[in-house]
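Each chain, written out:
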Amino acid sequence: MKQRENWGSRIGFIMAAAGSAVGLGNIWRFPYMAGDNGGGAFILIYLGFVFVIGLSVMIAEFAIGRRTGLAAVGAYKSYSDRWTFAGVIGVLSAFFIMGFYPVVGGWSLAYVFKSLTGLMSDAGAIGDAFGGFIGNPVEPLGWMLVFLVFNILIVAKGIAGGIEKAARILMPTLLVLLAFLTLRSVTLPGASAGLEFIFKPDFSEVSGQTLLAALGQAFFSLSLGMGCMITYGSYLSKKETLPNNALIVTALDVGVAILAGVAIFPALFSFGMEPTAGPGLVFVVVPIIFAEMGAIGPLFGAVFFIALTVAALTSSVSLLEVVVAYLIDQRGMERKKSVYSAGGIMIVTGILSSLSLGVMSGVTIFGVGFFDFFDILTDKIFLAIGGMLLAIFAGWVVKKEDLYDELTNSGEKEFGLFNIWYNLIKYVIPIAVAVVAVMGITDIEQTGLMIFGLAIIAILAIFSPKLS
Ligand code: PHE
């Protein structure tokens, strides 16, 4: 048998797993989700979901990945054909997320250059500039392509060579930059209103939608519910303690999201803008902060967007890797060939998504354009259900002793909270996710799309024994 690729070192694994988790989800998506959903209350619920549900699911994903030494589909299948579908949903989720993620990655890349070429010379025009840019039929496509090509090149180089090296250098850069931005933001006049918005929860507006949004954000941001952490765990050496690694990755991920929130909202309130600005939030507020800094602003802006692009890249690389690992493990394809074929499809879906924000805005499926279709379908349904299935699988299919063995490295390491974790996975998480999903789906506007998503899952489940 061919020796399975492995991470070069422990810190390399943490960097890569944290690199997958920390991405556009923390810096682009988290602030606007929080803004749209009322601020502090959303953030508190999100934190609860992250540490009770997300962390537990991450531990389970690492354990199953390392135990089986296989990526998502193979890992499920090695226990039972009835469960193959749960892995297939993960691969499908990776494809769908890659349907819109590279579009936003491309925006970020574009903003590196825009920062340096006059974007910040007129703070008042920055908002309209963003709207005009993403609706343009050509420009964002070019940037998206460049972003995808980087992805393809990194994943084609393989685990330790490409992904790990890129993550090791670039993640720390991002942290330093965000800390700098946060300092700047909280010292602006009127910043306290923004801090109040994120740290003073108002639960009066919380609805089923808010809960589903917070749960979806928790899964998305931690890269859970679609086999990514199973795949990364499968490359992890038997020496590592899994719960510790999961805690470090989760804490880093949450830390970056909160840092991004503290960087954005005080500035936003200081500039007298609305928190509900939607997906443009980071691309408008951050350039304005830098524009107000004078001559040095554009340079800082460019460095910020380089770091954001890199964070996005270490995440999208993990998404592509989920698909590639599937093609290698289950289809016996070569790494390079699987990277190019998966990447090719992603170019097409990315183009459709990007155009749906401009010239193709009239083309809708279940009432939404391609961008929103991919986004809502994954974030609001596939990941949550995927996470729930993984919990059920770990709790009811995998043997308890096997999990204990894997999580304690055959009894060599302590995992004092094992029983609490196990009960969370077996009982609490499946029920909690189901309740939130039902509340959210009945409350959300796009009910048709949600039902469509559930139908795909049901069909895959029925044909599961035939899937590979
Ligand atoms: N966690 C990544 C982010 O926050 C996105 C992602 C989701 C990556 C699922 C892999 C799997 O940007």
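Cut-off values and rules
Residues numbered from 1 in each chain as written. Predicted model: local features only at pLDDT ≥ 70, side-chain atom pairs only at ≥ 80, totals over all residues. Heavy atoms only, no water. Helix = DSSP H or I, 4+ residues; strand = E, 2+ residues; numbered from the N terminus. Buried < 20%, exposed > 50% of the residue type's maximum accessible area, 1.4 Å probe, protein only. Contact = heavy atoms within 4.5 Å. Areas by Shrake-Rupley, 256 points an atom, 1.4 Å probe, with all protein chains shown as cover. Lys, Arg positive; Asp, Glu negative; His and termini not counted. Charge placed at Lys NZ, Arg CZ, Asp CG, Glu CD. 1 Å grid on protein atoms, 1.4 Å probe; cavity = no way out; pocket = protein on both sides within 12 Å on 5 of 7 lines; lining within 4 Å. Points joined across faces, edges and corners; volume = space filled by probe spheres on them. Core = buried A, V, L, I, M, F, W, Y, C linked by side-chain atoms within 4.5 Å. Expected span 1.5 Å × (residues − 1). Bend = angle between axes of the 7 residues up to and from the residue.

Undergrad: Please give an account of the overall build of the protein chain that cites residues and values.
TA: If you tally the helices and strands in the protein chain, you get 19 helices and zero strands. Taking the principal axes of its C-alpha atoms as reference, the protein chain extends roughly 60 × 50 × 45 Å. Expressed as a percentage of the 468 residues in the protein chain, the buried residues total 60%. Expressed as a percentage of contacts within the protein chain between residues at least 6 apart in sequence, the contacts between residues at least 24 apart total 83%. Just so you have it, the protein chain exposes about 17000 Å², and 66% of that area is on carbon and sulfur atoms. Here the protein chain contributes 26 positive and 29 negative side-chain charges, whose respective centroids are spaced 12 Å apart.

Undergrad: Which residues make up empty space enclosed by the protein, and what values do they have?
TA: This model, assessed by the stated rule, comprises three cavities of 30 Å³ or more. Computed from the structure, the largest cavity encloses a volume of approximately 130 Å³. Lining of the largest cavity is provided by 15 residues; of these, Ser 20, Ile 97, Phe 220, Ser 223 and Leu 319 occupy positions nearest its centre. The set of elements that each furnish at least two residues to the lining of the largest cavity consists of helix H1 (10-21), helix H5 (84-116), helix H10 (208-221) and helix H14 (297-331). No other element matches H14, which puts three residues into the lining of the largest cavity.

Undergrad: Describe the nonpolar core, naming the residues involved and giving the relevant values.
TA: Ranked by internal contacts, the top residues of the largest apolar core, which has 172 residues, are Trp 107, Phe 304 and Trp 421. Per element, the largest residue contribution to this core is 19 residues, and it comes from H5. With residues near it in sequence (within four places) discarded, Trp 107 still touches Trp 28, Phe 130, Phe 133, Ile 134, Pro 140, Phe 283, Leu 357 and Phe 371.

Undergrad: Any chance you could break down helix H3 (residues 40-68) for me, citing the residues and the numbers?
TA: When the terminal C-alpha atoms of H3 are compared, their 40 Å separation across 29 residues agrees well with the 42 Å that a helix rising 1.5 Å per residue should span. At Val 50, H3 is deflected by roughly 40°, the largest bend along its length. Counting buried positions along H3 gives 23 out of 29 residues, so the element sits mostly inside the fold. Of the residues trailing H3, Gly 69 is marked for its positive phi of about 65°.

Interpretation in functional terms is not warranted from these geometric data alone.
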